[in-house]
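Structural overview for review
One-letter residues, chain by chain:
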Amino acid sequence: VSTQSTGSSGINAEYGRCRCHCHGHDPRNSSLNMAASFGQKERKRTTFTEIQTKGMRRIYEQKKYLDGGEREEIARQFNLTPAQVKRKWQNFRAKETKTDSHVLKTPMFGNTLQEAYGRSLSYSAAGHPLR
């Protein structure tokens, strides 16, 4: 590992780059990325087939959370590792949460309906908002 002098501004004098990589330098393309510096292998991004994605989505719609045995069974069924299935389920839930929160936003105000109108959205039997 070579050491390079940096000024008080944090700019690397030899390369003219900030140590924090915030000025256009992509550390993922660097041979000195975090995984490599700790001797770890960089994880490859899994590309799921359409059959795997649709099949797992169908199962997810019925069961939002899996226990270890279910995860292993689904992994065998789709020729994946249990870790890949776990990550896919996390992504399904995150996408669902993100979609649900987007539906609650109003285009005009950018806030939830309750924040936009400043009151509860409880309604009376007559269909008028309670005040």
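This is a predicted model, so every value here is computed, not measured.

**Here we look at the packing of aromatic side chains**
- According to the stated counting rule, one finds 3 aromatic pairs in the structure shown.
- When the centroid spacing of 6.0 Å and the interplanar angle of 75 degrees are considered together, the rings of tyrosine 60 and tryptophan 89 count as edge-to-face. Of this pair, tyrosine 60 sits in helix H2 (residues 50–62) while tryptophan 89 sits in helix H4 (residues 82–103); the two residues are 29 residues apart in sequence, bridging distant segments of the chain.
- Taking the relative accessible area as the measure of exposure, tyrosine 60 reaches 0% and is therefore buried.
- For tryptophan 89, a relative accessible area of 2% corresponds to the buried category.
- Plain terms: the ring middles of tyrosine 60 and phenylalanine 92 are 5.0 Å apart, the flat faces sit at 40 degrees to each other, and that makes the pair tilted.

**Focus on the side chain of lysine 88**
- Note on placement: lysine 88 falls in helix H4.
- Despite its burial, lysine 88 pairs with no opposite charge; the closest candidate is glutamate 61, at 12 Å N-O.

**Some words on the environment of glycine 69**
- With respect to the secondary-structure elements, glycine 69 resides in helix H3 (residues 68–77).
- For glycine 69, a relative accessible area of 48% puts it in the partly exposed group.
- In the structure, glycine 69 is positioned 13 residues away from proline 82 in sequence and 9.3 Å away in space, judged by C-alpha atoms.

**Quick notes on unusual backbone geometry**
- Of note in the backbone geometry, asparagine 79 takes a positive phi value of approximately 60 degrees without being a glycine.
- Tracing the backbone through its elements, the reader meets asparagine 79 in the loop between H3 and H4.
- Taking the relative accessible area as the measure of exposure, asparagine 79 reaches 70% and is therefore exposed.

**Quick word on a positive patch on the surface**
- Taken together, the side chains of Arg43, Arg45, Lys86 and Arg87 define a basic patch exposed on the protein surface.
- Inspection of the secondary structure puts lysine 86 in helix H4.
- You can call lysine 86 partly exposed: its relative accessible area is 41%.

Calculation notes
- Residues numbered from 1 in each chain as written.
- Predicted model: local features only at pLDDT ≥ 70, side-chain atom pairs only at ≥ 80, totals over all residues.
- Heavy atoms only, no water.
- Phe/Tyr/Trp six-rings, centres within 6.5 Å; stacked < 30°, edge-to-face > 60°.
- Helix = DSSP H or I, 4+ residues; strand = E, 2+ residues; numbered from the N terminus.
- Buried < 20%, exposed > 50% of the residue type's maximum accessible area, 1.4 Å probe, protein only.
- Lys, Arg positive; Asp, Glu negative; His and termini not counted.
- Salt bridge = Lys/Arg side-chain N within 4 Å of Asp/Glu carboxyl O.
- Patch = residues over 30% accessible without salt bridge, like charges linked within 9 Å, V, L, I, M, F, W, Y side chains within 5 Å.
- Areas by Shrake-Rupley, 256 points an atom, 1.4 Å probe, with all protein chains shown as cover.
- Charge placed at Lys NZ, Arg CZ, Asp CG, Glu CD.

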